[in-house]
Amino acid sequence: MLEVNIKKKIGSFILDVNFDVDKEILSILGPSGSGKTVTLFCIAGLIRPDSGSIRLNGRLLYDSEKRICLSAQQRNIGFVFQNYALFPHLTVNENIAYGIRNQSREAISGYVQELLDLMHIPDLGKRYPREISSGQQQRVALARAIAPAPDALLLDEPFSALDTPQRERLEYELIGIQQLYKKDFLFVTHDLAQGYKLSTRLAVFDAGHLAQCDYKNNVVTRPANQTVAKLTGIKNLMEGYVLSIDGENVKVAVPELERPLQIDNHNCNHLVVNQPVFVGIRPEYVELAVEDGENTICCQTCQLVDGVTSIHGRFNASSDTDKKYNLEVDLRRCSKITAAEGCSCLLYFPPERLVVFDR
Amino acid sequence: MAESYLSPLLISLKTVLATTFITFFLGIAAARWMARYSGKFRNLIDGLFILPIVLPPTVVGFGLLVLFGKNGPLGALLNIFNTSIVFSWPATVVAAVIMSFPLMYMTSRGGFEQVDVNIENAARTLGASEWKIFWTVTMPLAWPAIVSATILAFARSLGEFGATLMLAGNIPGKTATIPVAIYFNIQAGHMDQAMILVAIVLVISFSSLMALAYWKGKARRTITIPPETL
């Protein structure tokens, strides 16, 4: 169990986060500059926070009040760097063995070979880092980090420089490694799909603070704010205000749309009537409608882009020409009805797919 | 006859070896410290370290004379132990160390700055002490720069003339190094003596450059420095 509660000021940037990792892979998600890497460096002991505390399995690593700050060497936390940071002058075997202590030479070489086998690179031990591919280098970096049996493993966008097939293989292997070692893994990424795949819980960072830390399904379906919504792919966001609340159902008026939107099955506890809110929906949940009705908006089609997995259409959803909403719709789900550029069409927002949060 | 060029050669060799040895450690210590130092005096300290190379050697020599003279702070300190280095052999080493230090410092600092901080950080998270990291990670990665630095410092101390003459003077058999001996031989009209000494300097300087080039060619095949990644 890794409990983190730290504050750190760097120039005008203020990091202030509080979360814990409990024998799982917790993914930290956030745009660049949101403090993800600084957080990892603070936990590893490479940067000293200004205040707060860090506790790992009950052991205090840092506490500003008790004036405790263990060095990186004393913390026993593994770190996998974005650029691998392998020792270029040492062989793969020597790289992996670097952190292993108090063992005979035979024991070390046997253990290193075990790790090479675990990482599916059994024959690379005598090579130098520059002689192997970047995917293999990252496997060596992983093996090196887990070799001293760390109590926690921090990974800073470790797979971002790899191509898709290699990245996906390593993602599955990382899940396997975590299940094998059952330690606290903290995985920094800016890719929602990656974080979602690896973790049961996600921590979303926004400008130095924790915007949301929750089960991944909740983060995706119930974003806490605009940043989380945008990061998790809710590309259609409209500004409105609450018209009425009825149990778990809420009606939101968006001034630019011809009729209010009905949202069902939503947690409305924190909402009050007339409160300014955002209404959002993912492109893949918007449907093309044949008949006009509730939650149906008449739009102009402006652009259609054919992608590999989806056809994206952009629509102007406003009657008011001054303030237009560019809505993005994934049309693959609406294959029965065709849309053409320049034509008007009806878009339907399913009430159970819309999300509402504070503005 | 033989003694008249053997003596400057021996003095120079002694001075250059002692100087290179001292400059090597001083330069590396200063370079290592400054490569990771980012305090507000960075530019000031950096300027002070490099100063001897931009000043005329006679100015440095004058400064050293003032420092080590009877009334100078360091001279007074040495006086307590009943010793003085002005116009003695150690003065040739002091002058050469001061003059070769900036080259050792600048070149090895460049080498240390090339070492990716995260490679050292990786070693830290693997539990290696700072001392172990320095010797097993930082030094091997900065090694090509350090070898270059050492050879430059060696060559600079071999050629040191101005500051040496000011602080150590020209005492044959005591402080007359090769460059000083060449100058005074020419002054006295001993062109043949000067010529022999010139040839000796040429051989030493040229072969040290060749050694550097050879070693670098070999190093390129075995050691690669990772590009600075941020």
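By convention here, each chain's residues receive numbers from 1 onward along its written sequence. Ligands are numbered from 1 and chains lettered from A, in the order in which they are written. Residues qualify for local features only when their pLDDT is at least 70, as the model is predicted, and side-chain atom pairs are given and counted only at 80 or more; totals for whole chains, interfaces and linings, by contrast, use all residues. No hydrogens and no water enter the side-chain calculation; it runs on all heavy atoms of the structure.

Asker: How would you sum up the overall build of chain A? Please name residues and give values.
Answerer: Working definition: helices are DSSP H or I runs of at least four residues, strands are E runs of at least two. Numbering for both runs from the N terminus. Along chain A, the regular secondary structure elements total 9 helices and 21 strands. Along the first, second and third principal axes, the C-alpha atoms of chain A reach 75 × 50 × 35 Å. Residue exposure (1.4 Å probe, protein chains only): buried if accessible area is under 20% of the type maximum, exposed if over 50%, otherwise partly exposed. A total of 359 residues make up chain A; the buried ones form 50% of that total. Within chain A, contacts between residues separated by at least 24 positions form 65% of all contacts whose residues are at least 6 apart in sequence. Reported accessibility uses the Shrake-Rupley method at a 1.4 Å probe radius. Residues are deemed covered only where the shown protein chains occlude them. With the model as given, the accessible surface of chain A reaches about 16200 Å², and the carbon-plus-sulfur share is 47%. A distance of 7 Å separates the average location of the 39 positive side-chain charges in chain A from that of its 44 negative side-chain charges. The contact rule is simple, with two residues in contact once any of their heavy atoms fall within 4.5 Å. His is not counted here, nor are the chain ends, while Lys and Arg score as positive and Asp and Glu score as negative. A charged residue contributes its charge at one atom only: NZ of Lys, CZ of Arg, CG of Asp or CD of Glu.

Asker: So what's going on with the sheet that holds strand β13 (residues 249-253) of chain A? Residues and values would help.
Answerer: The pairing of strands in a sheet happens through backbone hydrogen bonds and is either parallel or antiparallel. Residues and elements named next belong to chain A. Strand pairing is defined by DSSP finding a minimum of two bridges between the two strands. Strand order in the open sheet formed by 5 strands is β14-β13-β12-β15-β21, and the pairing between neighbours is antiparallel. Pairing within the sheet leaves two strands with one partner each, and these edge strands are β14 (261-263) and β21 (355-358). Shown here is a sheet whose adjacent strand axes are inclined to one another by a mean of 45 degrees, direction ignored. Sheet topology places strand β12 (residues 236-246) next to strand β15 (residues 276-281); 6 bridges connect them, and they run antiparallel. Counterpart to N236 in the pairing with β15 is I281. Helix axes are fitted to C-alpha atoms over the stretch in contact, other axes to C-alpha atoms as well, and angles between N-to-C directions run from 0 to 180 degrees.

Asker: So what's going on with the interface of chain A and chain B? Residues and values would help.
Answerer: Contacts between the two partners involve 21 residues from chain A, matched on the other side by 24 residues from chain B. Counting each side, the surface lost to burial between chain A and chain B is near 1900 Å², with a carbon and sulfur contribution of 59%. Note on definitions: buried area is the accessible-area loss of two parts on being combined, 1.4 Å probe, summed for both. Per-residue buried area on chain A facing chain B is highest for Q73, H89 and Y98 of chain A; these three make up 34% of the total on that side. Salt bridge, as used here: a side-chain nitrogen of Lys or Arg that lies within 4 Å of a carboxyl oxygen of Asp or Glu. The tally of links from chain A across to chain B stands at 0 salt bridges. What qualifies as a polar contact is a pair of N or O atoms within 3.5 Å, subject to a donor-acceptor requirement within protein and to the restriction that residues adjacent in sequence count only when both atoms come from side chains. Between the two partners, chain A and chain B, sit 7 residue pairs in polar contact (both at pLDDT 80 or more).

Asker: How would you summarise the packing of aromatic side chains if you had to cite specific residues and measurements?
Answerer: A pair of aromatic rings is counted whenever rings of Phe, Tyr or Trp (Trp by its six-membered ring) have centres within 6.5 Å, and the orientation is called stacked for planes under 30 degrees apart, edge-to-face for over 60 and tilted otherwise. Evaluated as defined, the whole model comprises 18 aromatic pairs over all chains. Summarising the aromatic geometry, the rings of F41 of chain A and F79 of chain A are spaced 5.3 Å apart at their centres and angled 80 degrees between planes, so their arrangement reads as edge-to-face. One end of the pair, F41 of chain A, is in helix α1 (residues 36-44); the other, F79 of chain A, is in strand β7 (residues 77-80), with 38 residues separating them in the sequence. The exposure class assigned to F41 of chain A is buried, which follows from its relative accessible area of 12%. The exposure class assigned to F79 of chain A is buried, which follows from its relative accessible area of 3%. Of the aromatic side chains, those joined through ring pairs into one cluster are F112, W131, F134 and W135 of chain B. Positioned above the aromatic ring of Y285 of chain A, the side-chain terminus of R353 of chain A is 4.0 Å from the ring centre. Put simply, a charge is over a ring when the Lys NZ or the Arg CZ is close to the ring centre, within 6 Å, and near the line of the ring normal, within 35 degrees.

Asker: Please give an account of the nonpolar core that cites residues and values.
Answerer: A general trend in soluble globular proteins is that nonpolar side chains are found buried together. Residues grouped as a nonpolar core are buried Ala, Val, Leu, Ile, Met, Phe, Trp, Tyr and Cys residues, joined through side-chain atoms within 4.5 Å. Counting residues in hydrophobic clusters, the biggest one holds 61 residues, and the most contacted among them are F19, I43, Y98 and L186 of chain A together with F112 of chain B. Sorting elements by how many residues they give to this core places helix α7 (residues 130-159) of chain B first, with 9 residues. Residues contacting F19 of chain A, with those up to four places away along its chain left out, are L2, E3, V4, L26, I28, T39, I43, L186, F205, L210 and C213 of chain A.

Asker: Run through the domain arrangement of chain A, naming residues and quoting values.
Answerer: Residue and element names in this part refer to chain A. As annotated, the domain borders come from an automatic or database domain assignment. Partitioning chain A into structural domains gives domain 1 (2-226) and domain 2 (234-358). The straight-line distance from the C-alpha centre of domain 1 to that of domain 2 is 39 Å. Contacts between the two partners involve 8 residues from domain 1, matched on the other side by 10 residues from domain 2. Summing both sides of the interface, domain 1 and domain 2 together bury roughly 660 Å²; the carbon and sulfur share of this comes to 60%.

Asker: Give a detailed account of the pattern of salt bridges, specifying residues and quantitative values.
Answerer: Under the defined criterion, the tally for this structure stands at 20 salt bridges over all chains. Its salt-bridge partner being R36 of chain B, residue E120 of chain B comes within 3.0 Å of it at the nearest N-O pair. With a gap of 84 residues between them, E120 of chain B in helix α6 (residues 117-125) and R36 of chain B in the loop between α1 (3-35) and α2 (42-54) connect regions that are remote in the sequence. E120 of chain B sits in the buried class, given a relative accessible area of 1%. If you follow the salt bridges from partner to partner, you end up with R167, E168, E171 and K197 of chain A in one network.

Asker: Report on unusual backbone geometry, specifying residues and quantitative values.
Answerer: All names here are of chain A. Phi at N57 takes a positive value of approximately 50 degrees, unusual for a residue other than glycine. By the element assignment, N57 lies in the loop between β4 (51-56) and β5 (59-63). Since its relative accessible area comes to 43%, N57 is described here as partly exposed. We note that K182 has phi near 55 degrees; this positive angle belongs to a residue other than glycine. Considering the arrangement of structural elements, one finds K182 in the loop between α6 (164-181) and β9 (184-189).

Asker: Provide a residue-level description of the packing of helix α5 (residues 89-114) of chain B against α7 of chain B, including the pertinent values.
Answerer: Residue and element names in this part refer to chain B. Axis separation between α5 and α7 bottoms out at 8 Å; the angle between their running directions is 145 degrees. Considering the relative orientation of α5 and α7, their crossing is right-handed. Along the lines of polarity and charge, the residues of the contact of α5 with α7 split into 13 nonpolar, 8 polar and 1 charged. Take the far helix as the reference: if the near one is turned anticlockwise from it by less than a right angle, the crossing is left-handed, and if turned clockwise, right-handed. Three classes are used: nonpolar for Ala, Val, Leu, Ile, Met, Phe, Trp, Tyr, Cys and Pro, charged for Asp, Glu, Lys and Arg, and polar for all others, with Gly counted as polar.

Asker: If you had to explain the state of the cysteines to someone new, which residues and values would you point to?
Answerer: One way to say it: the disulfide is the covalent bond shared by the sulfur atoms of two cysteines. Residues and elements named next belong to chain A. When two cysteine sulfur atoms are found within 2.5 Å, that pair is recorded as a disulfide. Applying the stated criterion across every chain, the model contains 0 disulfides over all chains. Distance from the sulfur of C42, which forms no disulfide, to the nearest cysteine sulfur (C69) is 9.2 Å. Look at C69 and you get partly exposed, because its relative accessible area is 29%.

Asker: Report on α7 of chain B, specifying residues and quantitative values.
Answerer: One fewer than the residue count of a helix, multiplied by 1.5 Å, yields its expected span. Here α7 of chain B spans only 37 Å end to end across 30 residues, well under the 44 Å set by a 1.5 Å rise per residue. When the local axis directions of α7 of chain B are compared, the greatest deviation, roughly 60 degrees, occurs at W143 of chain B, which is followed within four positions by the proline P144 of chain B. To obtain the bend at a residue, axes are fitted to the seven residues ending there and to the seven starting there, and the angle between these axes is taken.

Asker: Could you give an account of the environment of E173 of chain A, with specific residues and numbers?
Answerer: Residues and elements named next belong to chain A. Examined against the element boundaries, E173 turns out to sit in helix α6. A residue is classified by how much of its surface remains accessible, and E173, at 17% relative accessible area, is buried. Once the C-alpha coordinates of E173 and H120 are considered, the two residues, 53 residues apart in sequence, prove to be 9.8 Å apart. Those residues within four positions of E173 in sequence are excluded, and the remaining contacts are M119, H120 and R139.

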